[in-house]
Every structure is written in structure tokens, then in C-alpha cells.
Amino acid sequence: FTDVNNSGKDSGIVIGSAYQRQAARLNMDLNATDKLFVSTSMGLTREDNDRIPGDQSLDGIVTNAIGMQPFAPIYGSSSGFGGRAEGLRYSNPVATAAFSFDNYKTLRALGNLDAKYLFSDKVFLSGRVGADVYGIDELTWSDPRIDRAYAASAGGVGRTAHNTNTKYVAESFLTVEPMSAPSNR
């Protein structure tokens, strides 16, 4: 059994936000011999999340769009967008959406292998191994062309983060079914 799911890229309701996910799954069962049974399952998932740039409190697309003066011009003399010269009190949220980004990508592989060996109809050995690998990559850029943002005074601010977490599991057990007592009739 295989399954491949490729959902297209979904644009968010805020400028600069989007989400894309792909997934694939493979399941396989095999009777290797009349005494050995093997099954496996593997899933792969990739996510690409274009998040909304901002510092989650004072400066960002949504925060500044809400706090912006109602009659302040969006477009102007600061790299094509309104800024200090047009009297903006905060950084321009449309300029932030156009020039800055916050991309968060994940890749996950989850799989297992299960085997069962029959010594007899009452005694069998089972074993399982599994792994879960989860990788994260984040790349953020705050562009210096955004007037009234910290990145303008710092010449731009970039950040990258990478992390991979891996978990393994292995187990085995022997099953012995009790013999039934003979009936006295």
C-alpha cells in the first residue's frame, strides 16, 4: 500500500504568509516463509511555512497594520513605501511583507519494522524497531529598506536555525501460549 499526498501551496490571509505540505506513506506486509512474517511502515512529511515576519509584540505586519494611522500613505519615498518622510509612526507593514521573510521548513521521517517468527503454533518470537527523525530549518530576514524598523539601523538582520531530533525504539518478546489441560469426560 502506498499513498502520496501533494497539497498545493496555500496562501495565507496576511500578505507574505503561505503554507505548503507534501506527504508520502508506504506500508508493506510480507510472508517471507511459512514461519516468518515481516511488515513495515514508513511515512515522509515535508512542510514549508512562510510565517509572518515580526517580533511578536511591537513590530510586525499585523501589529503595525492595526496600529498604523488610518490616513497614512502605504506608498512613498522610502524604497517605494511610506515611511518617516510621510509621517508614519511605525514601520510600514506592507514594506515588511514585501522585503522581509520568515521561512520555517520541517522534514519528518517515521518508520518501523515488525517481524514475527513462529517456532510452533503455541510459541512465537516478535521483534520491532522504529525511528522518528524530525528536522527543522528556519531562515529569517528583516530587510534594512524598511524605514522605522530596527533592521534599518542595523543594515538588515538575518537569522538561521537548524535542529534535528531523532528517537529510536526497539523491543522484542517471546509469547508462549499455555497448553490446554485434557478434558475428563
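Residues numbered from 1 in each chain as written. Predicted model: local features only at pLDDT ≥ 70, side-chain atom pairs only at ≥ 80, totals over all residues. Heavy atoms only, no water.

1. Looking at the overall build of the protein chain
So, point 1. When you go through the protein chain residue by residue, the secondary structure sums to three helices and six strands.
So, point 2. Computed over the C-alpha atoms, the radius of gyration of the protein chain is 28 Å, more than 25% above the 16 Å expected from 2.2 N^0.38 for a compact globule of 185 residues.
So, point 3. Along the first, second and third principal axes, the C-alpha atoms of the protein chain reach 100 × 30 × 30 Å.
So, point 4. Looking at the protein chain as a whole, 25% of its 185 residues are labelled buried.
So, point 5. Side-chain charges in the protein chain split into 18 positive and 20 negative, and the spacing between the mean points of these groups amounts to 3 Å. (Helix = DSSP H or I, 4+ residues; strand = E, 2+ residues; numbered from the N terminus. Rg over C-alpha atoms; globule rule 2.2 N^0.38 Å. Buried < 20%, exposed > 50% of the residue type's maximum accessible area, 1.4 Å probe, protein only. Lys, Arg positive; Asp, Glu negative; His and termini not counted. Charge placed at Lys NZ, Arg CZ, Asp CG, Glu CD.)

2. A few points about empty space enclosed by the protein
So, point 1. Evaluated as defined, the whole model comprises one cavity of 30 Å³ or more.
So, point 2. Along the walls of the largest cavity sit Ser78, Phe81, Gly82, Gly83, Asn92, Ala95, Arg145, Ile146 and Asp147, which together make up its complete lining.
So, point 3. Tallied by class, residues from the lining of the largest cavity come to three nonpolar, four polar and two charged. (1 Å grid on protein atoms, 1.4 Å probe; cavity = no way out; pocket = protein on both sides within 12 Å on 5 of 7 lines; lining within 4 Å. Points joined across faces, edges and corners; volume = space filled by probe spheres on them. Nonpolar A, V, L, I, M, F, W, Y, C, P; charged D, E, K, R; others polar.)

3. A short note on unusual backbone geometry
So, point 1. Backbone geometry places Ser79, a non-glycine residue, at a positive phi of 55°.
So, point 2. On the secondary structure map, Ser79 appears in the loop between helix H1 (61-67) and helix H2 (93-99).
So, point 3. Residue Arg148 is not a glycine yet carries a positive backbone phi of 75°.
So, point 4. Position of Arg148 among the secondary structure elements: in the loop between strand S5 (123-142) and helix H3 (150-154).

4. Focus: the packing of aromatic side chains
The relative placement of two aromatic rings is captured by the distance of their centres and the angle of their planes.
So, point 1. Evaluated as defined, the whole model comprises three aromatic pairs.
So, point 2. Pairing Phe81 with Phe99 gives two aromatic rings, centres 5.4 Å apart and planes at 90°, and the pair type is edge-to-face. Of this pair, Phe81 sits in the loop between H1 and H2 while Phe99 sits in helix H2, and the two are 18 residues apart along the sequence. The pair Phe81 / Phe99 is uniform in exposure class, with both members buried. (Phe/Tyr/Trp six-rings, centres within 6.5 Å; stacked < 30°, edge-to-face > 60°.)

5. Remarks on the nonpolar core
One recurring pattern in soluble globular proteins is that nonpolar side chains are buried together.
So, point 1. Phe81, Ala95, Phe99, Ile146 and Ala149 together form the largest nonpolar core, which totals five residues.
So, point 2. Ignoring sequence-local partners within four residues, the contact set of Ala95 consists of Phe81, Ser100 and Ile146. (Core = buried A, V, L, I, M, F, W, Y, C linked by side-chain atoms within 4.5 Å. Contact = heavy atoms within 4.5 Å.)

6. Quick notes on the pairing of strand S3 (residues 36-51)
So, point 1. The pairing of strand S2 (residues 18-31) with S3 spans 14 bridges and is classified as antiparallel. Along S3, the bridge assignment pairs Asp29 with Ser39. (Pairing = 2+ DSSP bridges.)

7. Quick word on the side chain of Thr140
So, point 1. Within the fold, Thr140 resides in strand S5.
So, point 2. In terms of polar contacts, Thr140 uses its side chain to reach the side chain of Asp102, at 3.1 Å.
So, point 3. Ignoring sequence-local partners within four residues, the contact set of Thr140 consists of Phe101, Asp102, Val157, Gly158 and Arg159. (Polar contact = N/O pair within 3.5 Å; in protein donor to acceptor, adjacent residues only side chain to side chain.)

8. Thoughts on the side chain of Ser91
So, point 1. One can find Ser91 in the loop between H1 and H2.
So, point 2. The exposure class assigned to Ser91 is buried, which follows from its relative accessible area of 2%.
So, point 3. Within polar-contact distance, the side chain of Ser91 engages the side chain of Asn64 at 2.6 Å.
So, point 4. Setting aside residues up to four positions removed in sequence, Ser91 forms contacts with Asp59, Asn64, Thr96, Ile146, Asp147, Arg148 and Ala149.

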